[in-house]
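# Structure assessment
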Amino acid sequence: RQMRNQRFWICITLFVFYAVILFGILFMRPISYSPDMSFKEYAEHATNFVPFHMIRNYMIALKNNRIEPYLVFANIIGNIVIFIPLPMLLSGLTGRILRWIKLFGIGLLTLICLEIIQLLTRRGACDVDDVLLNMTGILLGYLIVRIYARKKYGIPVHNKEHVKPEMKQDLD
């Protein structure tokens, strides 16, 4: 029981640390676009609801040498990598692996809220491509958790009920 409490508090601490870093990356940057712009003008420039539009534009600019490769890499890979830890932390906090559909729903709702907040605070774009890339990171994190659980326990683990009795103490 003491080990479970210790693990829980470690997960809480890591989650708070992760949330602070995420908040800093998403919201502690300068206001995007001109502050003189009306919100309507800003929203027209800072929204993208066409899937893969931004990614395609990056690839075209990269091909035509109009953008530095590290900027494309940082944006595309960064949007994926930043959300890989989320399923790991949620599994640590809940003590079980969330089903992929539940994680997908929680992740999608969270990402849409973050994109709307970025738009309303003018701290970035409201971009469907960001959501797609971030969801890719969440699903990669989920796969890492599943692979770890499979290797450690030898079976796919959704919750404690599916774990062999002799292995349950490892989850507590």
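Notes on the structure in this doc start here.

Calculation notes
- Starting afresh in each chain, residues are numbered from 1 along the sequence in its written order.
- Predicted model: local features are reported for residues with pLDDT of at least 70 only, side-chain atom pairs are reported and counted for 80 or more only, and whole-chain, interface and lining totals are derived from all residues.
- Only hydrogens and water are set aside when side-chain values are computed; all heavy atoms of the structure are taken into account.
- Distance thresholds for patches are 9 Å for like charges and 5 Å for nonpolar side chains (Val, Leu, Ile, Met, Phe, Trp, Tyr), applied to residues having over 30% relative accessible area and no salt bridge.
- Note on areas: Shrake-Rupley, 1.4 Å probe, and residue coverage restricted to the protein chains presented here.
- Salt-bridge detection follows one rule: a side-chain nitrogen of Lys or Arg within 4 Å of a carboxyl oxygen of Asp or Glu.
- Helical segments are the DSSP runs of H or I of at least four residues, strand segments are the runs of E of at least two, and each set is numbered from the N terminus.
- When a residue's accessible area, from a 1.4 Å probe over protein chains only, is under 20% of the maximum for its type it is buried; when over 50% it is exposed; and in between it is partly exposed.
- The set of buried Ala, Val, Leu, Ile, Met, Phe, Trp, Tyr and Cys residues whose side-chain atoms join them within 4.5 Å is what this entry labels a nonpolar core.
- The criterion used for residue contact is that any of the two residues' heavy atoms lie within 4.5 Å.

Let us look at a nonpolar patch on the surface. Residues Phe-39, Ile-112, Ile-116 and Leu-120 make up a contiguous nonpolar surface patch of roughly 360 Å² in combined accessible area. Here the element with the most residues in the nonpolar patch is helix H6 (residues 100-121); it accounts for three residues. Accessibility expressed as a relative area gives 41% for Ile-116, which makes it partly exposed.

Turning our eyes to something else, we now look at the nonpolar core. Judged by nonpolar contacts, the single largest core of 21 residues is most densely connected at Phe-83, Leu-111 and Ile-138. When residues of this core are traced back to their parent elements, those giving at least two are helix H1 (2-27), helix H5 (85-94), H6 and helix H7 (128-153). For this core, the element with the highest residue contribution is H7, accounting for seven residues. Filtering out sequence-adjacent residues up to four positions away, Ile-138 remains in contact with Phe-83, Leu-86, Pro-87, Leu-103, Gly-107 and Leu-111. Ranked by size, the runner-up nonpolar core spans nine residues in total, among them Met-54, Ile-55, Ala-61 and Leu-133.

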